[in-house]
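# Working through the structure, step by step
Below, each chain spelled out in residue letters.
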Amino acid sequence: MSTTAADVLVETLIDWGVDTVFGIPGDGINGIIESFRTRQDKIRFIQVRHEEAAAFAACGYAKFTGKLGVCVATSGPGGIHLLNGLYDAKLDGVPVLAITGLQFHDLLNTETQQDVELDKLYMDVCKYNNRIMGPAHVENVIELACRTALAYRGVAHVTMPVDMQEMPLEKANRSPRNRPHHVSESYAEGAHIPTDDLLVRAADLLNQGKKPVIMAGRGALGAGKELQEAADLLGAPIVKPVLGKACVPDDSPYSLGGVGLLGTKPSQEALESCDTLLIVGSSFPYIEFYPKPGEARCAQIELDPMRIGLRYPVEIGLVGDSRRVLRRLIPMLDRRSDRAWLEGAQKGKAEWEKLMTERGTRTDMPMKPQVVAHELGKRLRDDAIIATDSGTITTWAARHIPIRGTQMFSLSGNLATMACGLPYAIGAQAAYPDRQVVAFVGDGGLTMLMGELATAVKYQLPIKVVVIKNNVLGQIKWEQMVFLGNSEYVCELQPIDFAMVARACGASAFTIERPEDCGSVLDQALATPGPVLIEAVVDPHEPPMPPKIKASQALHFAESLARGTPSRGKIALTVLSDKVRELV
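Predicted model only: the values in this text are computed from it and were never measured. (Residues numbered from 1 in each chain as written. Predicted model: local features only at pLDDT ≥ 70, side-chain atom pairs only at ≥ 80, totals over all residues. Heavy atoms only, no water.)

To continue, consider the sheet that holds strand S14 (residues 408-410). Reading across from one edge, S14-S13-S15-S16-S18-S17 is the order of the six strands in this open sheet, with parallel pairing throughout. In this open sheet, the two strands that pair with only one neighbour each are S14 and strand S17 (508-512). Sheet twist, expressed as the mean angle between neighbouring strand axes with direction ignored, is 15°. With respect to the sheet, helix H16 (residues 421-431) is in contact with strand S13 (385-388), S14, strand S15 (437-442) and strand S16 (464-469), its orientation differing from that of S15 by roughly 175°. (Pairing = 2+ DSSP bridges. Helix = DSSP H or I, 4+ residues; strand = E, 2+ residues; numbered from the N terminus. Axes fitted to C-alpha atoms, helices over the stretch in contact; angles between N-to-C directions. Contact = heavy atoms within 4.5 Å.)

Below, the structure written as structure tokens:
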């Protein structure tokens, strides 16, 4: 049989080391699907239940491996459905390639069925975006799409009319300039090292500081050893935006935990009091949690020059890979003999961890969500991969599931979309079949892409899905009350028996309702082969308390209760109980 345009596409992906793609077949990509079918011994096609999940799974795969994630969707609605997951990849700087179909090339823009020009739709989300114009165009375009996504850590998109997919390469109308195989799958990695002068200046700035803090984000993943060495020399605590949670273990003597609304009190106090800030691989977007401009001198290590000084005034910007730059910087740092600043931060961390342990070991009913996270965190393997979702679930994961060993952790950082947790876990388990993978998700987020439980069953991916069931969109509820002073509205959810749904999909399932049963049920569930769902029924009125409560937040909360928030008596009692326990 003749080699087709779609064959060239799939072969080029294989040349670039792609061995897994996520998607759904459709008549707009029939030629491409046939090429995947005939090469299924070289490249695996994981069929999901919704194209949004395909993009999320590709994003999760790329986040946890550092390799190119690939998703595939048909013309029109299929390609449209990819967009949310692709924006997740764009905003978190993740290399993902989307492959879509178009209708017949000579019927585009004639109001034919599914007549959506996806390359135009994708203009904002992509680093590279192109429409294939014929078989001789395919290799050039796919090579550049893969290279661009990896080099610029973003989204690439290639779309191809359905009739061109099966066109034979031998009949391609190749232009004289388009010589066959003039492109290459070789990928060149840059040195990513700043100049010696800039390194010396940055070291001088850091050595002069009396109260330094290191903020380490997603760009610092893989640089844990270097971060801790720099922290030891400077006597600096490390604070971590949630995308950087796994860059340093939480039991490190230098780690104070997360920052922001779902962060820790010692982290916030360190940022409020520091006189020197080293930002490593982070563009944490909540500017209000940084020191006020002018209160701290700042140096920043960042791979993307555009992000230098994006959130805080920077005196010295060091453009490069975090690990490599730190290795060059560390020999220039002086060891600070005065450890009082670091020791004070460590004392604050110990007090915070005592509070978190108290909240995670509560025995009252209804069961607290912190209890589930606390018990789960103790039981995860040292190489576990944890994917979580957006909402109050993020707070429980950030504060009560400590990172240790070689564990990995991720979520939708800057897009903060719901529904990514389960597809991320699918992507992770596809990449690491022998590692423990856990999706720690809320009932609101899980419901959006619940059909992906069937995907896990179909491919026997042994994912453990822990769903916190409070029957409410909890984060929205608390934002309405605490940020705006409004009464809660349209946040309550119709209850779903998630264990029954999981069993209907073919997975094993467990339900936890009482805190004294939580640990033993989790033990049983984690030891069960294959995909498993654990439904944990928790108190819907438990608030994700900020690390430090502002007067304006307390005022808005009181206003919300006065305006008639449903269950305001139970809410007030729960919040009061939490604060009393914290004080005593």
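Before going further, it helps to spend a moment on the sheet that holds strand S7 (residues 212-216). The six strands are arranged S9-S8-S7-S10-S11-S12 in an open sheet whose pairing can be described as parallel. Unpaired on one side and paired on the other, strand S9 (255-258) and strand S12 (316-319) mark the two borders of the sheet. Direction aside, the axes of adjacent strands within the sheet are offset by 15° on average. Most of the contacts of helix H9 (residues 196-208) go to S12, to which it runs at about 130°, and overall it touches strand S10 (276-280), strand S11 (297-302) and S12. Running at roughly 130° to S11, helix H12 (residues 322-329) makes contact with S10, S11 and S12 of the sheet.

Taking 1.5 Å per residue, 18 residues should reach 26 Å; helix H7 (residues 135-152) reaches 26 Å between its end C-alpha atoms and fits that length. With 13 of 18 residues buried, H7 is to be regarded as a mostly interior element. Of the residues one or two after H7, Arg153 is the one with positive phi, at around 50°. (Expected span 1.5 Å × (residues − 1). Buried < 20%, exposed > 50% of the residue type's maximum accessible area, 1.4 Å probe, protein only.)

Now for the packing of aromatic side chains. According to the stated counting rule, one finds six aromatic pairs in the structure shown. In textbook terms, an aromatic cluster arises when at least three aromatic residues are bridged by ring pairs, as seen for Phe284, Tyr286, Tyr290 and Tyr312. Between Lys245 and the ring centre of Phe409, over which it is positioned, the NZ or CZ distance is 5.7 Å. Its guanidinium or amino end placed over the ring of Tyr432, Arg435 lies 5.2 Å from that ring's centre, counting from NZ or CZ. (Phe/Tyr/Trp six-rings, centres within 6.5 Å; stacked < 30°, edge-to-face > 60°. Lys NZ or Arg CZ within 6 Å of the ring centre and 35° of its normal.)

Quick look at the environment of Glu302 now. Among the structural elements, Glu302 can be located in strand S11. Judged by its relative accessible area of 9%, Glu302 falls in the buried class. Apart from the residues lying within four places of it in its own chain, the contact partners of Glu302 are Gly281, Ser282, Arg307, Ile308, Leu318, Val319 and Gly320.

For the rest of this paragraph, the subject is a nonpolar patch on the surface. On the surface, Leu261, Phe483 and Leu484 cluster together into a nonpolar patch covering about 260 Å² of accessible area. Its place among the elements puts Leu261 in the loop between S9 and helix H11 (265-273). (Patch = residues over 30% accessible without salt bridge, like charges linked within 9 Å, V, L, I, M, F, W, Y side chains within 5 Å. Areas by Shrake-Rupley, 256 points an atom, 1.4 Å probe, with all protein chains shown as cover. Salt bridge = Lys/Arg side-chain N within 4 Å of Asp/Glu carboxyl O.)

Summarising the sheet, strand S5 (residues 126-131) and strand S6 (residues 155-161) pair through five bridges and their orientation is parallel. Across the sheet, residue Asn129 finds its bridge partner in S6, namely His157. What joins S5 to S6 is H7, and the crossover it makes is right-handed. (Right-handed = clockwise from strand over helix to strand, strands pointing away.)

The next point concerns the pairing of S12. Here S12 shows one buried face, formed by Ile316 and Leu318, and one open face, formed by Gly317 and Val319. In this structure, S11 lies alongside S12, joined through four bridges in parallel fashion. Bridge assignment links Glu302 to a residue of S12, and that residue is Val319.

This part is about helix H14 (residues 369-379). Along H14, nine of the eleven residues are buried, which leaves the element largely enclosed by surrounding structure. Listing the buried residues of H14 in full gives Pro369, Gln370, Val371, Val372, Ala373, His374, Glu375, Leu376 and Gly377. Looking at the buried positions of H14, the neighbouring elements they touch are helix H13 (340-360), helix H15 (392-400), S15, S16, helix H21 (515-527) and strand S18 (532-537).

With that out of the way, let us pick up the packing of helix H3 (residues 51-65) against H16. Two numbers describe how H3 lies on H16: the axes approach to 7 Å, and their chain directions differ by 50°. As summarised for this structure, H3 and H16 are arranged oblique, according to the angle between their axes. In the packing of H3 onto H16, the handedness of the crossing is right-handed. Along its contact with H3, which presents Ala53, Phe56, Ala57, Cys59, Gly60, Tyr61, Lys63, Phe64 and Thr65, the element H16 presents Pro423, Tyr424, Gly427, Ala428 and Ala431. For the contact of H3 with H16, the residue count by class is ten nonpolar, three polar and one charged. (Parallel < 35°, antiparallel > 145°, perpendicular 65-115°, else oblique. Left-handed = near helix turned anticlockwise from the far one by under 90°. Nonpolar A, V, L, I, M, F, W, Y, C, P; charged D, E, K, R; others polar.)

For the rest of this paragraph, the subject is the pattern of salt bridges. Scanning the model with the defined rule gives 29 salt bridges in all. Its salt-bridge partner being Glu375, residue Arg379 comes within 2.6 Å of it at the nearest N-O pair. Here the residue Arg379 and the residue Glu375 both occupy positions in helix H14, the gap between them amounting to four residues, near one helical turn. Classification of Arg379 as partly exposed rests on a relative accessible area of 24%. Across the pair Arg381 and Asp383 runs a salt bridge, and its minimum N-O distance is 3.3 Å. Relative accessible area serves as the criterion here: at 38%, Arg381 is assigned to the partly exposed category. Within this structure, Glu117, Asp119, Lys120 and Arg131 form a network of salt bridges that share partners.

Attention now moves to the state of the cysteines. In this structure the tally under the stated criterion is zero disulfides. Cys247 carries a free sulfur, and the closest cysteine sulfur to it, the one in Cys298, is 16 Å from it. (Disulfide = S-S within 2.5 Å.)

You can see Ser267 is positioned in helix H11. Only 3.2 Å separates the side chain of Ser267 from the backbone oxygen of Gly257, close enough to count as a polar contact. Residues within four places of Ser267 in sequence aside, it is in contact with Val239, Leu256, Gly257, Gly258 and Val259. (Polar contact = N/O pair within 3.5 Å; in protein donor to acceptor, adjacent residues only side chain to side chain.)

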